[in-house]
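# Architecture and fold: a report
What follows is the residue order along each chain.
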Amino acid sequence: MTTTEDSAVSSPRAAIAARNLRTDNWRRGPILTVLGITAWVAYATFRVFYQGDYWVADYHYLTPFYSPCVSEGCVPESAHFGRFLPDHPLIPYAALSLPFLLAFRLTCYYYRKAYYRSFWLSPPACAVPDGHPRYTGETRFPLLLQNFHRYFFYLAVAISLVNTWDAVLAFHSPDGFGLGLGNVILWANVVLLWCYTLGCHSCRHVMGGRLKHFSKHPVRYRLWTFSSALNSRHMMWAWITLASLALTDCYVMAVAAGWITDLRFIG
Ligand code: FES
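Residues numbered from 1 in each chain as written. Predicted model: local features only at pLDDT ≥ 70, side-chain atom pairs only at ≥ 80, totals over all residues. Heavy atoms only, no water.

### Considering helix α3 (residues 98-106)
Those residues of α3 lying buried are Leu98, Ala103, Phe104 and Arg105. Against the buried residues of α3 lie α2 (28-50), α4 (109-118), α5 (149-169), α6 (181-198) and α9 (234-256). (Buried < 20%, exposed > 50% of the residue type's maximum accessible area, 1.4 Å probe, protein only. Helix = DSSP H or I, 4+ residues; strand = E, 2+ residues; numbered from the N terminus. Contact = heavy atoms within 4.5 Å.)

What follows is the structure, given as structure tokens:
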């Protein structure tokens, strides 16, 4: 017997000869997404396994790609939470956080849309047929695991707190307190990361989900409103934070490697 769901999945499409009826340049979005994500993943992979130029000793700048630095290979001053992982070329210095950050982004509602469309062509765009003969959505393994996003959200909050703490500790110079362009960049990145994290759909649910009457929960209503405002630009935060992460890392690497000197305002 065929259920309503099965028949919806297997129903033939309308009998039209054309592959689709869109006349706009619908391939542009998926192509740009593939290029952008591929470039970022290539850069991030190189940096994570480079295991160098991640810490500026004079100003205590630590790149977010190496935070928290928990490998025995980390410079002791950069390891704000201890060094307990073995030093091995294949173990990232921030192996404690990177897998969860990756999982958080991979299961993000926006990124799902991005890579389902761009990499899996499932479907590549609205009103364009799926690139695969069968569509099972997220009802089976491994895509069923996308449901873990709500738990990765909590871990992402913890990692954002770590990044915030790194930025606080970076107000440093050899004479004590210090402020430079690196601080501005580190803080801009942290603020943007919070905008992305607090605009998460799971965050909205944590703030305002399962309530029958917002009027009886004014604080949660305000938090939900705040999260919803961020959520309405979730795609924008998703891309801006990819850029800010890479730029912050690039700046710290350039200062740490001695390619440039940090512009100092104080100290
Ligand atoms: Fe994008 Fe949660 S939905 S981070």
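### Let's talk about the UniProt feature "transmembrane region" (unreviewed entry) in the protein
Listed under "transmembrane region" (unreviewed entry) in the UniProt record, and renumbered for this structure, are residues 29-50, 90-111, 151-172, 184-203 and 236-260. The span residues 90-111 is 55% helix and 0% strand, and its two end C-alpha atoms sit 26 Å from each other. Measuring from the first to the last C-alpha atom of residues 151-172 gives 34 Å, for a span that is 86% helix and 0% strand. (UniProt positions renumbered as here; feature names shortened; annotations may be inferred.)

### Quick look at α2
Taking 1.5 Å of rise per residue, the 23 residues of α2 would be expected to cover 33 Å, and the 33 Å separating its terminal C-alpha atoms lies within 8% of that figure. Taken together, the buried positions of α2 are Pro30, Thr33, Ile37, Tyr43, Ala44, Arg47 and Val48. Against the buried residues of α2 lie α3, α4 and α9. (Expected span 1.5 Å × (residues − 1).)

### Remarks on the state of the cysteines
By the definition in use, this model includes one disulfide. One disulfide in the model links cysteine 69 with cysteine 74; its S-S distance is 2.2 Å. Looking down the S-S bond of the cysteine 69 and cysteine 74 bridge, the torsion is -90 degrees, so its handedness is left-handed. Judged by its relative accessible area of 2%, cysteine 74 is buried. (Disulfide = S-S within 2.5 Å.)

### Points about the packing of α2 against α9
Relative to each other, α2 and α9 sit at 35 degrees, their axes nearing to 11 Å. Judged by the twist between their axes, the crossing of α2 over α9 is left-handed. Each of Thr33, Gly36, Ile37, Trp40, Tyr43 and Arg47 in α2 lies in contact with α9, whose residues at this interface are Trp239, Leu242, Leu245, Ala246, Asp249, Cys250 and Met253. (Axes fitted to C-alpha atoms, helices over the stretch in contact; angles between N-to-C directions. Left-handed = near helix turned anticlockwise from the far one by under 90°.)

### A few points about unusual backbone geometry
Among all residues except glycine, the phi angle is most often negative; among peptide bonds, the trans geometry is most common. Serine 67 connects to proline 68 through a cis peptide bond whose omega is -10 degrees. You can see proline 68 is positioned in the loop between β2 (61-62) and α3. Cis geometry is adopted by the peptide bond preceding proline 142, which originates at phenylalanine 141 and carries an omega value of 5 degrees. Here proline 142 shows up in the loop between α4 and α5. For histidine 60, which is not glycine, the phi dihedral falls at a positive 60 degrees. Position of histidine 60 among the secondary structure elements: in the loop between β1 (55-56) and β2. Positive phi values are uncommon outside glycine, yet arginine 210 reaches one of about 60 degrees. Following the sequence through the fold, arginine 210 ends up in the loop between α7 (201-208) and α8 (218-231).

### Description of the pattern of salt bridges
All chains considered together, the criterion is met by four salt bridges. Ionic pairing is found between arginine 47 and aspartate 249, a salt bridge with its closest N-O pair at 2.6 Å. Of this pair, arginine 47 sits in helix α2 while aspartate 249 sits in helix α9, and the two are 202 residues apart along the sequence. Aspartate 249 carries the same exposure label as arginine 47, and that label is buried. The partner of arginine 264 in a salt bridge is aspartate 262, and the shortest N-O contact between them spans 2.7 Å. Residue arginine 264 shares its accessibility class with aspartate 262, and that shared class is buried. (Salt bridge = Lys/Arg side-chain N within 4 Å of Asp/Glu carboxyl O.)

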